[in-house]
Amino acid sequence: MRERTKRWWIAALALVGALVLAWAWELVWQAVTQLFFGLLVALAALPLARRLETRLKPGLAASLAVTSLSASAVLSLALLAPLLISQIRQLTALLPGLYATAEGLVRQGERWLADNGVVMDEGLKQNLLHRGQELLGAAAPTVLAWFGGAAGNLGKWLLAPMFAFYFVRDRKLIGDWLLTLVPLGKRGLTVRILKEMRRETAGYLRGQLMVSAAVGGLTALGLLLCGVPAWLVLGLTMGVLELIPYLGPFLGGVLVAIFSLTSGVGRTLWALGVVVVVQQLEGGLLSPQLMSDATRLHPVIVVLSVMLGGMAGGVGGILLSVPLVLCVRAVLRVVGAYRADRWPA
């Protein structure tokens, strides 16, 4: 009787939790996203904190590690902010020239087709020009809106270091507290699952952040050497889009090609060459060195998870999708090994 009553209470609590989640989904998702960014900062600060803990108390070590990382980020942003603002304005000013360049390319294509016996329909030509103007008109405002949104949400971003400090300082206490919620007989399995999840997600997130920073820096440097306008904004955009597996670099390459058109076809080809070379370095050198092979997923699974994450939660869903898949895979792997140990064939 007592066991049945307990089950009813659990079912009732689960139902209430599901209703609350459905009612306040937006707030819950924002909280999860904030904790996720705090976790990213904590993962970046954790190696330094572990070194400092050999000589300092955990609280002081965590504070110094997170403060040093945050101060470096703020200082970098303060130094780059004037140049970023100038280049964003430059991108917006390039739009009329981009329209004219796109129209000139369409005219050249039309003449080439006519020379080869293919006459382009006037309606199709106008439709292509209209579509091109729509794409070009949306590109710069999209980049501008992204940076503006990031600056507008600065107050939310400032919460990430605070969460990171508590994650780093109290990571052992948090782990012990979570274990108290697990039945005693399942704690060994739970510890194995959590260790495997931490190993995969921490390796993936830390490696992905380093790869993204390297790709953004190398792309910006290459575009600067090629004389591409707004090289810093485009390099940072490539670095951010690198966080979106497979799809992000393609979108970044399209933006680089669009905003280098006003400098001529030759410079556009050089800019695309920079993107291709950096992506080859990323795939052949950076990722193998910075990312663990254990965290690799099949491209189809990655693309599907990114698409579903974007549909469910926008940008936050895209960033969370692959780590969630890695967590699920870690759980399945540990549970499968646990069952094989308990029930051998």
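Up top is the structure these notes are about.
In this report, the structure presented in the accompanying data block is examined. (Residues numbered from 1 in each chain as written. Predicted model: local features only at pLDDT ≥ 70, side-chain atom pairs only at ≥ 80, totals over all residues. Heavy atoms only, no water.)

**Points about the overall build of the chain**
1) Next: Secondary structure summary: the chain contains 13 helices and 0 strands in total.
2) Next: Listed by position from the N terminus, the elements making up the chain come as α-α-α-α-α-α-α-α-α-α-α-α-α.
3) Next: Every one of the 345 residues in the chain was classed for burial, and the buried ones make up 34%.
4) Next: For the chain, restricting intrachain contacts to residue pairs at least 6 apart in sequence, the fraction spanning at least 24 positions comes to 73%.
5) Next: Of the roughly 21,000 Å² that the chain leaves accessible, carbon and sulfur atoms contribute 71%. (Helix = DSSP H or I, 4+ residues; strand = E, 2+ residues; numbered from the N terminus. Buried < 20%, exposed > 50% of the residue type's maximum accessible area, 1.4 Å probe, protein only. Contact = heavy atoms within 4.5 Å. Areas by Shrake-Rupley, 256 points an atom, 1.4 Å probe, with all protein chains shown as cover.)

**Some thoughts on the nonpolar core**
1) Next: Ranked by internal contacts, the top residues of the largest apolar core, which has 53 residues, are L223, V256 and V322.
2) Next: Taken together, the elements giving at least two residues each to this core come down to α2 (25-52), α3 (58-93), α7 (159-169), α9 (187-226), α10 (231-241), α11 (247-259), α12 (265-290) and α13 (299-342). (Core = buried A, V, L, I, M, F, W, Y, C linked by side-chain atoms within 4.5 Å.)

**Side note on a nonpolar patch on the surface**
1) Next: On the surface, a cluster of nonpolar side chains totalling about 470 Å² of accessible area is made up of Y246, L247, V300, L304 and M307.
2) Next: If one sorts the elements of the nonpolar patch by residue count, α13 sits on top with 3 residues.
3) Next: Mapped onto the fold, V300 is located in helix α13. (Patch = residues over 30% accessible without salt bridge, like charges linked within 9 Å, V, L, I, M, F, W, Y side chains within 5 Å. Salt bridge = Lys/Arg side-chain N within 4 Å of Asp/Glu carboxyl O.)

**Some details on α9**
1) Next: Its 40 residues give α9 an end-to-end C-alpha distance of 57 Å, which sits within 8% of 58 Å, the value for a rise of 1.5 Å per residue.
2) Next: Looking one or two places after α9, you find G227, whose phi comes out positive at around 80°. (Expected span 1.5 Å × (residues − 1).)

**Considerations on empty space enclosed by the protein**
1) Next: Enumeration according to the criterion identifies 1 cavity of 30 Å³ or more in this entry.
2) Next: Within this model, the largest cavity holds a volume of roughly 120 Å³.
3) Next: Considering the residues around the largest cavity, the lining is formed by F36, L40, Y204, L205, Q208, L209, L243, I318, L319, V322 and P323.
4) Next: Mapped by element, the contributors of at least two residues to the lining of the largest cavity are α2, α9 and α13.
5) Next: Class assignment of the residues belonging to the lining of the largest cavity gives a composition of 10 nonpolar, 1 polar and no charged. (1 Å grid on protein atoms, 1.4 Å probe; cavity = no way out; pocket = protein on both sides within 12 Å on 5 of 7 lines; lining within 4 Å. Points joined across faces, edges and corners; volume = space filled by probe spheres on them. Nonpolar A, V, L, I, M, F, W, Y, C, P; charged D, E, K, R; others polar.)

**Quick look at the layout of surface pockets**
The rolling of a water-molecule-sized probe over the atoms marks out the regions of remaining empty space.
1) Next: The calculated volume of the second largest pocket comes to roughly 1,400 Å³.
2) Next: Residue assignment for the lining of the second largest pocket shows that the elements contributing at least two residues are α2, α7, α8 (171-180), α9 and α13.
3) Next: For the lining of the second largest pocket, the residue count by class is 22 nonpolar, 2 polar and 7 charged.

**Re the packing of α10 against α11**
The description of two helices packed together rests on the angle between their axes and the distance between the axes.
1) Next: Relative orientation of the contacting elements α10 and α11 amounts to 165°, with a least axis distance of 8 Å. By the angle between their directions, the pair α10 and α11 is classed as roughly antiparallel. Note that α10 runs across α11; the crossing there is right-handed. Here α10 contributes L234, T237, M238 and L241 to the contact with α11, which in turn contributes G248, P249, L251, G252, G253, L255, V256 and F259.
2) Next: Here the contact of α10 with α11 is composed, by residue class, of 8 nonpolar, 4 polar and no charged. (Axes fitted to C-alpha atoms, helices over the stretch in contact; angles between N-to-C directions. Parallel < 35°, antiparallel > 145°, perpendicular 65-115°, else oblique. Left-handed = near helix turned anticlockwise from the far one by under 90°.)

**Quick notes on the side chain of S321**
1) Next: Inspection of the secondary structure assignment puts S321 in helix α13.
2) Next: Under the relative-accessibility criterion, S321 is labelled buried at 6%.
3) Next: In contact with S321, other than residues within four places in its own chain, are S305, V306 and G309.

**Quick look at unusual backbone geometry**
1) Next: Although it is not a glycine, A230 sits at a positive phi angle of roughly 55°.
2) Next: Tracing the backbone shows A230 in the loop between α9 and α10.

**Topic: the packing of α3 against α7**
1) Next: Where α3 contacts α7, the two axes come as close as 9 Å, and the packing angle between them is 145°. Of the two possible hands of crossing, α3 and α7 adopt the one that is right-handed. Facing P58, G59, A62, S63, V66 and S70 of α3, the residues of α7 in contact are P161, A164, F165, V168 and R169.
2) Next: Split into classes, the residues belonging to the contact of α3 with α7 amount to 7 nonpolar, 3 polar and 1 charged.

**Here we look at the pattern of salt bridges**
1) Next: For the structure on display, the rule yields 3 salt bridges.
2) Next: For R169, the salt bridge identified is with D170, shortest N-O distance 2.9 Å.
3) Next: For D170, a relative accessible area of 16% corresponds to the buried category.
4) Next: Close ionic contact of R333 with E196 constitutes a salt bridge, the shortest N to O distance being 2.7 Å. Here E196 lies in helix α9 and R333 lies in helix α13, a separation of 137 residues in the sequence.
5) Next: A relative accessible area of 37% means that R333 is categorised as partly exposed.
6) Next: The exposure class of E196 is buried, given its relative accessible area of 15%.

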